[in-house]
Amino acid sequence: MVGVDKTDENEVNTLRYIPGRCVNCGRCSEVCPHGVFRAGEKKAVLDEPERCMECGACQMNCPVGAVLVNSGVGCAAAMIKAALTGSKEVTCGPECCGR
Ligand code: SF4
Ligand code: SF4
């Protein structure tokens, strides 16, 4: 259909990938802590969408809006780090999504 991007969806979480927008910069596969994306020859490949924990790092780093995710619950890595350190104000760090 003209003007509508095809979207890869799944039934496990809110992650949505729109391959038609991807410029293959590689950021999503670099920042994803769960290996959901991998670099492809011409576009990122959504490899294991069910592994997505909705941290939002891919969406935040994608320069063309090819990844959409509802990350309202926050980053799982930050929450785990906070639990381990006993702090309420811990972020995951710049290598993740920075939350
Ligand atoms: S939201 Fe986080 S876990 Fe999910 S695909 Fe993006 S970077 Fe990976
Ligand atoms: S960050 Fe966006 S543009 Fe870059 S490879 Fe991933 S989906 Fe494609």
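Everything numeric here is computed off the predicted structure, so don't read it as measured data. Numbering of residues starts from 1 in every chain and runs along the sequence as written. Whichever chain is written first is A, and whichever ligand is written first is 1; the rest continue in order. Confidence filtering applies because this is a predicted model: local features only for residues at pLDDT of at least 70, side-chain atom pairs given and counted only at 80 or more, and all residues used for totals across whole chains, interfaces and linings. Processing note: side-chain calculations cover all non-hydrogen atoms of the structure and skip hydrogens and water entirely.

1. Details of empty space enclosed by the protein
Cavities and pockets were defined on a 1 Å grid built over protein atoms only: a cavity is a set of grid points that admits a 1.4 Å probe from which the probe cannot escape, a pocket is an open set flanked by protein on both sides within 12 Å along at least five of seven lines, and lining residues are those with an atom within 4 Å of any such point. Grid points are joined across faces, edges and corners, and a volume is the space filled by probe spheres set on the points. For the coordinates displayed, the defined rule picks out two cavities of 30 Å³ or more. Reported here for the largest cavity is a volume of approximately 90 Å³. Lining the largest cavity are 14 residues; nearest its centre among them are Cys 32, Cys 52, Glu 54, Cys 55 and Cys 58. All amino acids are sorted into three groups, where Ala, Val, Leu, Ile, Met, Phe, Trp, Tyr, Cys and Pro are nonpolar, Asp, Glu, Lys and Arg are charged, and the leftover types, Gly among them, are polar. Grouping the amino acids of the lining of the largest cavity by side-chain chemistry returns 11 nonpolar, two polar and one charged. Each pocket or cavity is described by its volume, and for the second largest cavity that value is around 80 Å³. Looking at the lining of the second largest cavity residue by residue, the classes come out as 10 nonpolar, two polar and one charged.

2. Here's the deal with the packing of aromatic side chains
Here a pair means two rings of Phe, Tyr or Trp (six-membered ring of Trp) with centres within 6.5 Å. Their orientation is stacked below 30 degrees between planes, edge-to-face above 60, and tilted elsewhere. Summed over the entire model, instances satisfying the criterion amount to one aromatic pair. Aromatic pair Tyr 17 and Phe 37: ring centres 5.3 Å apart, planes at 85°, arrangement edge-to-face. Within this pair, whereas Tyr 17 is found in strand S1 (residues 16-17), its partner Phe 37 is found in strand S2 (residues 37-38), the two being separated by 20 residues in sequence. Taken individually, Tyr 17 and Phe 37 each receive the classification buried, so the pair is uniform in this respect. Elements are defined by DSSP. Helices are runs of H or I of four residues or more, strands are runs of E of two residues or more, and each kind is numbered from the N terminus. When accessible area is computed with a 1.4 Å probe and restricted to protein chains, residues below 20% of their type maximum are described as buried, those above 50% as exposed, and intermediate ones as partly exposed.

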